[in-house]
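# Secondary and tertiary structure notes
Listed below, chain by chain, are the residues.
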Amino acid sequence: MGLATSHLGLGATYSTTYYSPFHVARVFASLDHFTSGRAAWNVVTSLNDSEAHNFGVSEHLEHDDRYDMADEFMDAAGALWDSWDDGAVIADRDEERFADSSKVRRADYEGQHLSSRGPLTVPRSPQGHPVIIQAGQSGRGRQFAARWGEMLFVIFPTPEGCKAYRDDLRARAVAVGRDPNSIKVAPAVYAVVGETEQEAADKLAYIDGLARPVDSLALLSEVFNYDFAQHLPDEPLSDEVMASMTGLRGFLDRVIQLSGNPNPSLNDFIKWSGRGTLREFPTFNGTPAQVADQMEAWFGSESCDGFVLAATHMPGAYEDFAHLVVPELQRRGLFRREYVPGTLRDNLGLARPMRM
């Protein structure tokens, strides 16, 4: 994808729970070089025991323990990226010097959960560090996001909820010594657009009719690391069961909040999570102007800095958005008409990290 494009930022997901800092730091530094500064890393801590088994581990770490490990991982990876100064590479064939050794240093790390040894085998990349994408919405996740996150992928059903999150993360960023503008919040949304209102409504109804409760059940079991199939649909889940769920805590909080029930049933989870349906994310539906109105309302109220556009179907969803909605956003001055030079950081308005 990097070789086939010249302007798009390219983000990839790697888990801090099942990989090593040296490997991840080397992969993303290399990608940043290959793409001339367009790499981003979506930092995840993984979700469930099935993934643990894939990597030969008997069970997945508890929620907060994963974030403790991730903090160490980020410290180690950052030190590795910073083990080369800018301008360290000389590439002087006549003097037989590849690099200035005074600008390359050890970057050894020893933590409670992991350790690594530097320097990295890849010189400092165009962006210094890849852009860090993260999705922390639980209390511990927000703490992690405030320290490390730059592009925050979130799920909120209303602009008010998203704005409260954005305000909270910006305040948390200031508390840990960061510029609040170094954090960009991008909620996931669906856009179902048609040339006419009726076409858009018909398309929405068709897509909504494709969702099945059994699909929601499977997807919920994945994100909560818990087999929901062992319960009757209207059976309230006990405090013990609720406490045993080690997956997405932010998603769990959403179900409890929207249902108004600290012990929701399986049907409550299906209904209020929206998992696997159009209710999972806000859905902007209508003509190009109507969809643009809804997006502009979120953006104009400072509820977000942009959007993660999820696909209701493929192929088709992104083509519809690009051909119908983007021109309307351009007419309003909300979307660029031309690409501009620079790295992904430059285009996102993010500063290049100083060496740690």
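See the structure above.
What you are looking at is a predicted structure, and each value in this text was computed from that prediction instead of being measured.

It is worth spelling out the overall build of the chain at this point. Helix and strand content of the chain: 13 helices and 11 strands. Over its C-alpha trace the chain gives a radius of gyration of 22 Å, about what one expects of a compact globule, namely 21 Å for 356 residues. Seen along its three principal axes, the alpha-carbon backbone of the chain occupies a region of about 75 × 55 × 35 Å. Going through the 356 residues of the chain one by one, you find that 47% of them count as buried. Residue pairs at least 24 apart in sequence account for 69% of intrachain contacts in the chain once pairs closer than 6 positions are excluded. Accessible area of the chain: about 17700 Å², with a carbon and sulfur share of 53%. Within the chain, the 50 negative side-chain charges are centred at a point lying 6 Å from the centre of the 33 positive side-chain charges.

Enumeration over the complete set of coordinates arrives at 23 salt bridges. In this structure, Asp71 and Arg140 form a salt bridge, with 2.6 Å as the shortest nitrogen-oxygen distance. Placement of Asp71 in helix α3 (residues 63–81) and of Arg140 in helix α4 (residues 139–148) is noted, with a sequence separation of 69 residues between them. Taken as a pair, Asp71 and Arg140 share a single burial class, namely buried.

This paragraph deals with a negative patch on the surface. Together, Glu59, Glu62, Asp64 and Asp65 make up a negatively charged patch on the protein surface. Its place among the elements puts Glu59 in the loop between α2 (49–54) and α3.

Think of a pair of aromatic rings as described by two things: how far the centres are apart, and how the planes are tilted against each other in angle. Scanning all chains against the criterion turns up 18 aromatic pairs. Where Tyr14 meets Phe28, the ring centres are 5.7 Å apart and the plane angle is 80 degrees; that geometry is what we call edge-to-face. Of this pair, Tyr14 sits in strand β1 (residues 10–15) while Phe28 sits in helix α1 (residues 21–34), placing them 14 residues apart in sequence. A single burial state applies to Tyr14 and to Phe28, both of which are buried. Among the aromatic residues, ring-to-ring pairing joins Tyr14, Tyr18, Tyr19, Phe28, Trp41, Phe55, Phe73 and Trp81 into one connected group.

What follows covers unusual backbone geometry. The linkage connecting Gly118 with the following residue, Pro119, adopts the cis geometry, with an omega of 10 degrees. Summarising the element assignment, Pro119 is placed in the loop between β6 (115–116) and β7 (131–134). Of note in this structure, Ala91 is not a glycine but carries a positive phi near 55 degrees. Counting through the fold element by element, Ala91 comes out in strand β3 (residues 89–92). A residue is classified by how much of its surface remains accessible, and Ala91, at 57% relative accessible area, is exposed.

Before going further, it helps to examine the environment of Leu258. Tracing the backbone shows Leu258 in helix α9 (residues 249–259). For the pair Leu258 and Phe307, spaced 49 residues apart in the sequence, the C-alpha separation amounts to 22 Å.

How each quantity is defined
Residues numbered from 1 in each chain as written. Predicted model: local features only at pLDDT ≥ 70, side-chain atom pairs only at ≥ 80, totals over all residues. Heavy atoms only, no water. Helix = DSSP H or I, 4+ residues; strand = E, 2+ residues; numbered from the N terminus. Rg over C-alpha atoms; globule rule 2.2 N^0.38 Å. Buried < 20%, exposed > 50% of the residue type's maximum accessible area, 1.4 Å probe, protein only. Contact = heavy atoms within 4.5 Å. Areas by Shrake-Rupley, 256 points an atom, 1.4 Å probe, with all protein chains shown as cover. Lys, Arg positive; Asp, Glu negative; His and termini not counted. Charge placed at Lys NZ, Arg CZ, Asp CG, Glu CD. Salt bridge = Lys/Arg side-chain N within 4 Å of Asp/Glu carboxyl O. Patch = residues over 30% accessible without salt bridge, like charges linked within 9 Å, V, L, I, M, F, W, Y side chains within 5 Å. Phe/Tyr/Trp six-rings, centres within 6.5 Å; stacked < 30°, edge-to-face > 60°.

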